[in-house]
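Tertiary structure, described
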Amino acid sequence: MGLSVFNTLSRSVEPFVPLDPEGEKVGLYCCGPTVHDFAHIGNFRTFVFADIVRRYLDFKGFKVRHVMNITDVEDKIIRRVNESNKSLKEYTSKYEEAFFNDLEALGCLMPDDRPHATKFIGPIIELIKKLEERGIAYRTNDGSVYFSIENYRKGGNCYGQLLNLNLDEMRPGERVSSDEYEKESIADFALWKSRVTEDGEVFWNSPWGEGRPGWHIECSAMSMELLGPSFDLHLGGEDLVFPHHEDEIAQSEGACLQCDGQKFVKYWMHGSHLLVEGKKMSKSLGNFFTLRDLLAKGFAGREVRYLMISAHYRETFNFTLDNLGGAKTALGRIDECTSKLRELSAGKIASPDNDSKLVTGFIKAMDDDLNVSAAWAAVFDWVRNTNRQLAAEGIDNNTAAIELANWDQINKVLGIQIAEQKPPSEILALAEERQAARKNKDFARSDQIRDELSAKGWTIEDTPKGPRVKRA
Ligand code: AMP
Ligand code: ZN
């Protein structure tokens, strides 16, 4: 059985078949952060979900190109830039840097491309021009440009592909200039916003005069520029379904760049939201957390990651500090089991057994629309059985090495970093002996000890503070 995913477009679980005729390459775009502040743990639930999708596609042998944009110009950012008296770049780079540090602390792989909206103004203008040529975009007296839903629909396109919208209630020509608006307002949206005093120095020249792009057009331009006019997967949180993603479809399909019969995006996947103590996160309720807030409380990035991927991505997730404590315990059980296996394998490296219960159970679960709950059940069954076996008849070094390879194999998807391990006393003694040999200039002995350590799965790093022993 191959991978199936829930596609918001069809509202059903579908087999995942890439557009690439060779069935190899996969283009994946996930709407990235709006860098107006530190990202909160809700945002990170979505980015960790994207990381799992990307890792699982890698695991299945696809050649994934993962794009995550940085929204570094939109309404909220402009407001904050004005309050801060900083330049746009100065203001956003602080939060962008923090974002990538947090992403790394959460064990996420770096997306292959991380385009900035402000670096794609040229392609954005070209796309708007194309819509204008096709009669779908129109100028207003103030020099702004809007998308005409009425003309788009007249051209035989469907507005409301991701969400059933009541288009009868639409009043043609009605406009919204704000980047984010309610479901009720089905109205033409801004593609280019003409410069106003409040924009300060944030503006670009365009055929329509000075101004800046709307938020939705940024993602259409960046994704198509990097992945082509039709690509496989588009991800984001559920709040982006409307208007952001619906508008992305309208702009991208309205420009008519796709080959006959192809869509802008084949599969749309949306992650449900994270609540804290059952409520929407808000600073006024005191239930608002950034990752750094949690790290300051003594939790580790891997614990937060584990918790975020303990529930299915389409389930609303209720985050509590108590269940974060539970994550520590659960990871402790995995760490204990894998470190025993590591000790027993004594540095022996084996290939994974893809027919093992752990690997087959994991794949079966993940193929089913990334059913992580069932995948974790396979992991904890394995931990229980391995511990039972260790206590009963023990495990020889060959079996230990295979079991470890099985775990490492699926951990490429789960991305749970290995906890820093304190080396056992025997290893520390060897390291000290090597240090003494080096002092006595007995380099032959020192090299011999390095090899001995390596055979036992440890390595020595000579740092300015002295030698450091760590897992190979
Ligand atoms: P933003 O930086 O506001 O553009 O949001 C970045 C991503 O976080 C988007 O994909 C949002 O859908 C997602 N997001 C925002 N709030 C939450 C939440 N509470 N839970 C999960 N994802 C969220
Ligand atoms: Zn987007």
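As shown above, the structure is provided for reference.
Residues numbered from 1 in each chain as written. Chains lettered and ligands numbered in written order. Predicted model: local features only at pLDDT ≥ 70, side-chain atom pairs only at ≥ 80, totals over all residues. Heavy atoms only, no water.

What to know about the pattern of salt bridges
We apply this condition: Should a side-chain nitrogen of Lys or Arg be within 4 Å of a carboxyl oxygen of Asp or Glu, the pair is scored as a salt bridge. Numbering of helices and strands starts at the N terminus; helices are DSSP runs of H or I of at least 4 residues and strands are runs of E of at least 2. The rule is simple: take the accessible area with a 1.4 Å probe, protein chains only, and divide by the maximum for that residue type; under 20% is buried, over 50% is exposed, in between is partly exposed.
As enumerated under the stated definition, the model contains 28 salt bridges in all. Note that R55 and D51 form a salt bridge whose closest N and O atoms lie 2.8 Å from each other. Taken together, the residues span about one helical turn, with R55 and D51 both in helix α1 (residues 41-59) at a distance of four residues. Using a relative accessible area of 1% as the deciding quantity, one classes D51 as buried. Among the ionic pairs, R212 bridges to D75, the shortest N-O distance being 3.3 Å. In this pair, R212 is assigned in strand β9 (residues 211-213) and D75 in helix α2 (residues 75-84), connecting sequence segments 137 residues apart. The class for R212 is buried, based on a relative accessible area of 7%.

So, the nonpolar core
Just so we agree on the cut-off: Remark: nonpolar core denotes a set of buried residues (Ala, Val, Leu, Ile, Met, Phe, Trp, Tyr, Cys) joined through side-chain atoms within 4.5 Å. Just so you know, the domain bounds were taken from an automatic or database domain assignment. Contact definition: two residues touch when any of their heavy atoms are within 4.5 Å.
Counting 135 residues, the largest nonpolar core has L57, Y159, L233, F319 and W376 as the members making the most contacts within it. In terms of residues, this core owes the most to one element, α1, which gives ten residues. When residues of this core are assigned to domains, at least three fall in each of domain 1 (16-275) and domain 2 (332-421). Residues contacting W376, with those up to four places away along its chain left out, are Y306, I309, S310, I334, L414 and I416. Counting eight residues, the second-largest nonpolar core is a separate cluster that includes I427, A431, I449 and L453.

Looking at the coordination of the zinc ion (ligand 2)
Definition in use: Metal donors were taken as nitrogen, oxygen and sulfur atoms no farther than 2.8 Å from the ion, or 3.2 Å where the ion is Na, K or Ca. Water is excluded, so coordination may look unfinished.
At 2.1 to 2.2 Å from the zinc ion (ligand 2) lie its protein donor atoms, namely C31 (SG), C219 (SG) and H244 (NE2). Overall, the relative accessible area of 4% leaves C31 in the buried class. Given the relative accessible area of 1%, H244 is considered buried.

Let's talk about the sheet that holds strand β3 (residues 25-30)
In plain terms, the rule: We treat two strands as partners when DSSP finds at least two bridges between them. To get an axis, a line is fitted to the C-alpha atoms, and for a helix only the part in contact is used. The angle between two axes follows their N-to-C directions and goes from 0 to 180 degrees.
The strand order across the open sheet formed by four strands is β4-β3-β10-β11, and the pairing between neighbours is parallel. Taken across any chain shown, the strands that pair with only one partner, and hence form the sheet edges, are β4 (63-68) and β11 (265-271). Geometrically, the sheet is characterised by an average inter-axis angle of 20 degrees between neighbouring strands, direction not taken into account. Alignment of strand β10 (residues 231-237) against β11, held across six bridges, turns out to be parallel. Bridging from a neighbouring strand, L235 pairs with M269 of β11. Across the sheet, α1 is in contact with β3, β4, β10 and β11; its angle to β10 comes to roughly 155 degrees.

Quick word on the environment of A431
Take A431: it is sitting in helix α14 (residues 425-439). A residue is classified by how much of its surface remains accessible, and A431, at 10% relative accessible area, is buried. When the C-alpha atoms of A431 and R468 are compared, they prove to be 8.7 Å apart, with 37 residues separating the residues in sequence. Contacts of A431, omitting those with residues within four sequence positions, involve I460 and V469.

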